Each structure stands twice: as structure tokens, then as C-alpha cells.
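Coordinates in review
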Amino acid sequence: MQDKNKKIIYVILIFVFLIGAVAVSFVNLPNANYFALDPYLSLPAAVTGDEFNVSFNVFPTPTYSPPSTVSISVGPGLKLISGVTEALEPGPARSKKATWEVEANSSGMRAVDFKLGSQTYRYDFPVYPQLSLTVAKALPKLGDGVTPLNGGLALKTGSEAVYFEKSSLGYGPAIVFFINNGSALPMGILPALGSACYSSNSWDYAELVPQFASWNNRSINFGFNGSAVTFRSYWEIENGTVFVRNRLTASKPLGLNQFSFSLYAGAFSFGQSKEQALFPGLEWLVGNESSSSTVDVAPPYNPRDAPDPDEVTVPLMAVSEEGGVVGLLWGPSFSWNGLPSAVLSPEFSVPNWLQGQDDDLFELFIPNVPQYVQPNEDQAFSSYTMASGSSVSIECAVYAGPGNALGAVNEWVRVFGLPKPDLPMTPAQDINYSMKAYLSSLWVKGQGWLPWNTFSKAYPNSGAVGTIYLASLIERNLTLRAQLLSLFNETLPMAVEYGGPGYLISPDGNEGP
């Protein structure tokens, strides 16, 4: 009896240990009580002399609410205009938000620290010395490929060009242009070529500005080497479009809350104005319509800015204005860590109400909804554990071209192709299988076929008569063809007698059994 009790105790202890192990694996380091949405600026890219807002969002858990205030400290090159401590006010979705006004005094990678309770969160972002659009005059004259230009690099294919500014910070921002009739229209901007939010002993959100680059006539390979992560951003002209392959590698063990790639469409050009915006399966907007509005869906169900990826019918986000369209396109089966469920998560805010900017936000991020991130959020509730040397990736196409937002769908089909369905049987097998209902399971000798949708008695349905005749014309199995023709010859007179000659083409006789 004692041995039996010991076994029961051992089983209970093992069960408790396993539950504890599972719980620990889902702790969001460095603090499991609450977690932060990525901080953001009130403009897509800051330059020296700009005054802008810095915002910080916090998502409470069901069992814990964060403190009512959060404080900020700014690093060199920044001046805090507003107060140090701000109250947390209601923000997007179920978050709470605090905002400060900051001035950039000089260029460089700049840092702000947010202190929330006992935890400190750092945000590293670039302040560029300048943002020049003068390269637009030179872009239409360039040939396809990579061209050094004004100290930076231009990547051009057809009606699309991406220009990477070069400064003391490195390569950035990247500006996407649509080339039309000898002019280049700026369609969007990438403030950095990637962003990462991770935690080891502390929490850090960093905009990833490459420090170096190598290139050939068709591609550019950008790189950044940090103390916690290394980052590579590979841009290539492939199949007539611009493909981006970003890879983040951990230099030490860490918990990944977000790795993202963001395009701010309309920034420094047409702003919030648009002809159309498209997020297939969820949004098709025209004029001044806003995404996640309550026009189609009543609250609290209207938010659809970061949905389950399965809800997106064509993996793209696009906006059109002034005769051009710009957007992000990605493959539905791409896996960021090699597992089938690890797909890219999109975030769509048109206009950019999430960050209060005069542009449209298109973002791809990992870890994905819903395995690691709640719908309509973009920070992991369960950090993805990365061992030292392990990597995650994001791949997509940056598209700019002529036409409206639907042109992005045509481009997606051209680049990725239509999926080839995995049919459970061939068309011939399907016909063979379907004819069994007409020949046996629904057939009543001397009466006709039983209706599929009622419990009425069998009758000589003229639609079934026509179906078995058409099937006999394409059926390759000679035995089955003979059976179908025999049944057709038997039932045709029955149908005429049942409803008259006109019954053969009447809607009343074409319901099908």
C-alpha cells in the first residue's frame, strides 16, 4: 500500500513539474505582469531639429494592472520638452499609453528609457542629419539594377526604385519611388530596414539601421552587428520586383517579443490621402474611409489591424494615389523559423491611427498571431526563446507601380503565382464517384430519383436526366458509359411524361437530386 501511495505522489509531483515547466516557458521576460507594445514616434523618420512625440503603450494582463504613471529619461542629442512623468491614458485596443514631447538636437542613434514600476524599457531610434528627396530627379534616368547615387544606393527595376540614404549613422532611411513619365513620385519610406524588441536581462526595442553594405548589379546586402543581435537585410531584383530578406540572429540567449519590417506609405508625399487601400479579406477602403472602422463591424469587434493571418485572403497590403500603388506582398507559406504554423503576421493601419501619423502603416512582424501574439496587438504575450546563434527571418516584396490598389493583386499573382490545389481525386474520378448517386443510392426503379433536400418521393428530375447524359459524353470507362446511356434512355421518356416536353428546360426540373 505504501508503494502504491509513493507512486501516486511521484505522478503528482511529475505532473506539477510539467505544469510549472509549461508556465515558465510562457513567461514574458523580463516581467510577466505586463508587457509593452512597441514605442513609437509621431513621425516616421526624425531628423535634426524636429520636435515630435514619443509614445509608450502598456498592455495589462487579466490579473494585473500597471502603475498609473510612467517616467522617461532621454539620452544625449535629445531634449525633453514635456514633463518627466506622464499618466497612462487609454490607448489603441486594450492598451494604456503615455506620450512625451521631445526635440532632436543632433543626429545619431538616440535612446530614451521608460521606467514603469521597477522595470526600465529602452527605445533606440535614429535621428538622421537630413532627409533629401532631390535624388528623385536622377532616378528616372537610371538603368535597372544597383547604382551608387549621392553617397547612397539606388535599386531600380521597371517603374519602381528604392533609394537608401547614407549618413554617419549608416544606411537609412529607404525611400520607395514610383517612376512614371520621366518623374519619380515618393510613395513611402522605411525609417529603418528592420526593428527588434527583445529581452535578456533588460528590455530593448531597437530600430535596426545597417552599418555597412556590399552590392552587385542586382542586389544589396546590408548588415548591422550589435551586442545582443546581428541583422542582415538582403535586397534583390527578382522576377521583375524588389524582394527583401531580413534575418535576425541572437548573439546571446534572449526572448524575442517582436521582429518587424515597416513601410510608411504616403510619408513625405501624399500623406493620408488615397484613392484606394486594400487588405484582402478584411479591408477595401476608398477616399477618406478608415481601417478598423465601425461602418462594417460594430464595436468591440471592429479592430482588425493585426488579425489572424488566416483571415487575409491574398497576402498583401497596398494603397494607391496619384496614379501609383505601393505596398508589401508576401508568400502565404513562408515560415520565419521553419515550422508550418510560423507565418508572417501583418499590421494594417490606414490612415495610421495607431501611431497618429500622416501616412499609412504596413507592417510584417513575428512572432505571429495567434500563437504568440493576441489579435490586434503586435507584441508577444509569450516571448519566443532564441538560443545564441539561432535566427529568424522575414521575407516579402516591396512593390510600387502604376494603377490602383487592385494592381497589387495582379502583381502578387504574377510574382507568387496561383496556388495549385491538392485535389482529393481527379476530375474523372470525381465524375465516376458522383454518378453512383444517380445509378444507385438516389435511384428508385420505375420512379426516378429521391430529392437531396426533402423527404418527398422519388420523381424523374429532368436536371438529373441531362446530367447523366453529359457525364456519358466524357466518361472514359466504357462499362459506366453504357450504364449512364441506358439510364438516360430509360428516364428521358419518364421526364417528358412527368412534366411535358417543356419540363426538360424548366427551372422546376433542374434542381438536381
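Up top is the structure these notes are about.
Now for a description of the structure that goes with this document.

Criteria and cut-off values
- Residues numbered from 1 in each chain as written.
- Predicted model: local features only at pLDDT ≥ 70, side-chain atom pairs only at ≥ 80, totals over all residues.
- Heavy atoms only, no water.
- Helix = DSSP H or I, 4+ residues; strand = E, 2+ residues; numbered from the N terminus.
- Buried < 20%, exposed > 50% of the residue type's maximum accessible area, 1.4 Å probe, protein only.
- Polar contact = N/O pair within 3.5 Å; in protein donor to acceptor, adjacent residues only side chain to side chain.
- Contact = heavy atoms within 4.5 Å.
- Axes fitted to C-alpha atoms, helices over the stretch in contact; angles between N-to-C directions.
- Left-handed = near helix turned anticlockwise from the far one by under 90°.
- Nonpolar A, V, L, I, M, F, W, Y, C, P; charged D, E, K, R; others polar.
- Salt bridge = Lys/Arg side-chain N within 4 Å of Asp/Glu carboxyl O.
- Pairing = 2+ DSSP bridges.
- 1 Å grid on protein atoms, 1.4 Å probe; cavity = no way out; pocket = protein on both sides within 12 Å on 5 of 7 lines; lining within 4 Å.
- Points joined across faces, edges and corners; volume = space filled by probe spheres on them.

**What to know about unusual backbone geometry**
Across the junction of valine 350 and proline 351, the peptide omega takes the value -15 degrees, indicating a cis bond. For the peptide bond that leads from valine 369 to proline 370, omega is -5 degrees, which places it in the cis range. Here proline 370 is to be found in the loop between strand E28 (360–366) and strand E29 (384–386). Unusually for a residue other than glycine, asparagine 181 sits at a positive phi of about 55 degrees. Assignment of secondary structure puts asparagine 181 in the loop between strand E14 (170–180) and strand E15 (183–190). Judged by its relative accessible area of 74%, asparagine 181 is exposed.

**A few points about the side chain of glutamine 357**
Topologically, glutamine 357 is positioned in the loop between strand E27 (345–349) and E28. Residue glutamine 357 is classed as buried on the basis of its relative accessible area of 3%. One polar contact links glutamine 357 to glutamine 355, side chain to side chain, over a distance of 3.3 Å. When sequence neighbours within four positions are dropped, the list of residues in contact with glutamine 357 reads Leu41, Ser42, Leu43, Pro44, Tyr264, Gln272 and Asn352.

**What to know about the packing of helix H3 (residues 427–441) against helix H5 (residues 478–499)**
One can describe the packing of H3 onto H5 by two numbers: an axis separation of 11 Å at closest approach and a directional angle of 35 degrees. Between H3 and H5 the crossing geometry is left-handed. Of the residues in H5, those in contact with Asn432, Met435, Tyr438 and Leu439 of H3 are Leu480, Gln483, Leu484 and Leu487. Split by residue class, the contact of H3 with H5 holds 6 nonpolar, 2 polar and no charged.

**Some remarks on the pattern of salt bridges**
For the structure shown, the criterion picks out 9 salt bridges. The partner of arginine 122 in a salt bridge is aspartate 113, with the nearest N and O atoms 2.7 Å apart. What makes arginine 122 partly exposed here is its relative accessible area of 36%. Between glutamate 236 and arginine 245 there is a salt bridge whose closest N-O contact spans 3.4 Å.

**Re the pairing of strand E8 (residues 96–104)**
Across 8 bridges, strand E3 (residues 51–60) lies against E8 in antiparallel orientation. In the sheet register, valine 58 faces E8, and the bridge partner there is lysine 96. Sheet analysis places strand E5 (residues 78–80) next to E8, joined by 3 bridges and oriented antiparallel. Residue lysine 79 lies in a different strand from E8, and its bridge partner there is glutamate 103. Looking at chain direction, strand E7 (residues 89–90) and E8 are connected through 2 bridges and run antiparallel. Pairing of glutamate 89 across the sheet is with lysine 97, part of E8.

**With respect to the environment of leucine 248**
As for its placement among the helices and strands, leucine 248 is situated in strand E21 (residues 241–250). As for leucine 248 and alanine 196, which are separated by 52 residues in sequence, their C-alpha atoms are 8.3 Å apart. Contacts of leucine 248, omitting those with residues within four sequence positions, involve Ala196, Leu208, Val229, Thr230, Phe231, Leu256, Phe259, Met386, Ser390, Ser391 and Val392.

**Describing the layout of surface pockets**
Here the largest pocket is characterised by a volume of approximately 280 Å³. Residue lining of the largest pocket: 18 residues in total, with Asp124, Tyr198, Asp204, Ser227 and Ala228 positioned closest to the centre. Looking at the lining of the largest pocket, the elements that each hand over two or more residues are strand E16 (195–199) and strand E17 (203–207). If one sorts the elements of the lining of the largest pocket by residue count, E17 sits on top with 3 residues. Size it by volume and the second largest pocket reaches roughly 240 Å³. For the second largest pocket, the lining is made up of 16 residues, of which Pro309, Asp310, Pro332, Val343 and Leu344 are closest to its centre. When the residues that make up the lining of the second largest pocket are grouped by side-chain class, the tally is 10 nonpolar, 4 polar and 2 charged.

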